[in-house]
Each structure stands twice: as C-alpha cells, then as structure tokens.
Amino acid sequence: MQTSFKTGDKAVYPGQGVGEVMGIEHTEVAGQRQSFYVLRILENGMRIMIPINKVGSVGLREIISEEDVKQVYSILKEKDISVDSTTWNRRYREYMEKIKTGSVFEIAEVLRDLYLLKGDKDLSFGERKMLDTARSLLIKELSLAKDCSEEEIESDLKKIFNLA
C-alpha cells in the first residue's frame, strides 16, 4: 500500500472524501521539524495538512483500483440483507463510524442500507444527510477510479436502486 504521495496525486481522506495533494510543507511543531501533505478536498476546496508520519493512522489512502470498483458495485447490488432494526440513533452512530473509516466498501454498505431503509420508511433528517454524504463520497471516488464522469456513476446508482 502506498503511503507516499506526490504533488498532483489524488488521495482519499476518511470522512472528507477525495483530495488532491497540492504539495508538501515543512513546519516546526513543538521544536520538531515536521513534514505535511497539503491536501485540497475536491468537493469543497477545504485545505487539510496531514503529517506525513501519520498517513497510516489517519487513513489517507489511494483511490481504489478498477478491481475494487467491481466489489463496490456488488456490495451496492446486494438486496437480500436485513437492515438493522435498531433505533435510528444507534444506526446513525454505526453508519457514521463506517463513513469515518474512509473504507469505500463500508461507505457503499451505508449507502445501500440507507437506500433499502428508505424503501421501507421515511429517513430521519440525519439519515437523509448521511445518505447524501455517502453518495457524494462514493460518486467522487468511483468516477476517478473508473475514469468517467460523475454523471455516469450517478446513472449507475439510479439503476442499482431503481430510482430511474
């Protein structure tokens, strides 16, 4: 697994989504010279500095491979799963944890589960917001991984969840 990125590389930062490495900056922190990746999140332009020696622990990772894209699609297509019938706030916390892992597979599970749940009942405000977050995180990364437009991914999702 790559832990070193170059300027211009795309990387996924858990909970924020896909960013572009804008460069590397060196700063003095508590008397120690540290190096940071400067990441600009594509979705909102937010600038994040990640200590290079903490890349693994914060979960910064490369965009998924073409092979992983197939796995994400198969997770999204699973329909015969029982969506947890726990209270919405416990479910919300569990889904939030999955999104924070930054794992595209966990985010796909959250999206799938929320769409399945939405078919059964109205989602709470928090769940609707989470559905949108999971959707945009997935769309951005899948479009980069497949080298296609976000509209194409959007269309795939509509087909998978019968929204067309």
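Identification of the protein chain as CarD family transcriptional regulator from Myxococcus virescens is taken from an unreviewed UniProt entry.

> Can you break down the overall build of the protein chain residue by residue, with the values?
Along the protein chain, the regular secondary structure elements total 6 helices and 5 strands. Each helix and strand of the protein chain, placed in order from N terminus to C terminus, yields the pattern β-β-β-β-α-β-α-α-α-α-α. The buried share among the 164 residues of the protein chain stands at 41%. The contacts in the protein chain between residues at least 6 apart in sequence include a share of 53% that link residues at least 24 apart. Summed over its atoms, the accessible surface of the protein chain is roughly 9,200 Å², and 48% of this surface lies on carbon and sulfur atoms.

> Got a sec to walk through the domain arrangement of the protein chain? Specific residues and values, please.
By the assigned domains, the protein chain splits into domain 1 (7-60) and domain 2 (64-159). The C-alpha-based centres of domain 1 and domain 2 are spaced at 25 Å. Opposite the 9 residues of domain 1 that make contact, domain 2 presents 9 residues. With both sides pooled, the region where domain 1 packs onto domain 2 buries about 680 Å², and carbon together with sulfur makes up 72% of that total.

> Describe the packing of aromatic side chains, and please don't skip the residues or the numbers.
This model, assessed by the stated rule, comprises 2 aromatic pairs. Seen in terms of ring centroids, Phe5 and Tyr37 are 5.7 Å apart; in terms of plane orientation they differ by 85°. Their pairing is edge-to-face. With Phe5 in the segment before strand S1 (10-13) and Tyr37 in strand S3 (residues 32-41), the pair connects residues that are 32 residues apart, well separated along the chain. When the centroid spacing of 4.3 Å and the interplanar angle of 25° are considered together, the rings of Tyr115 and Phe161 count as stacked. Of this pair, Tyr115 sits in helix H4 (residues 104-120) while Phe161 sits in the segment after helix H6 (150-160), and the two are 46 residues apart along the sequence.

> Give a description of the environment of Asn53 that names residues and reports values.
Here Asn53 shows up in the loop between strand S4 (47-51) and helix H1 (55-58). With relative accessibility at 59%, the residue Asn53 sits in the exposed group. On a C-alpha basis, the gap between Asn53 and Arg40 in space is 19 Å, while along the polypeptide they are 13 residues apart.

> Let's hear about unusual backbone geometry: which residues, and what values?
Notably, Asp147 is not glycine yet its phi reads approximately 55°, a positive angle. Considering the arrangement of structural elements, one finds Asp147 in the loop between helix H5 (125-146) and H6. The phi torsion at Asn162 lies on the positive side, around 50°, for a residue other than glycine. Looking at the element boundaries, Asn162 is found in the segment after H6.

Reading guide: rules and limits
- Residues numbered from 1 in each chain as written.
- Predicted model: local features only at pLDDT ≥ 70, side-chain atom pairs only at ≥ 80, totals over all residues.
- Heavy atoms only, no water.
- Helix = DSSP H or I, 4+ residues; strand = E, 2+ residues; numbered from the N terminus.
- Buried < 20%, exposed > 50% of the residue type's maximum accessible area, 1.4 Å probe, protein only.
- Contact = heavy atoms within 4.5 Å.
- Areas by Shrake-Rupley, 256 points an atom, 1.4 Å probe, with all protein chains shown as cover.
- Domains from an automatic or database assignment.
- Buried area = accessible area lost by both parts, 1.4 Å probe.
- Phe/Tyr/Trp six-rings, centres within 6.5 Å; stacked < 30°, edge-to-face > 60°.

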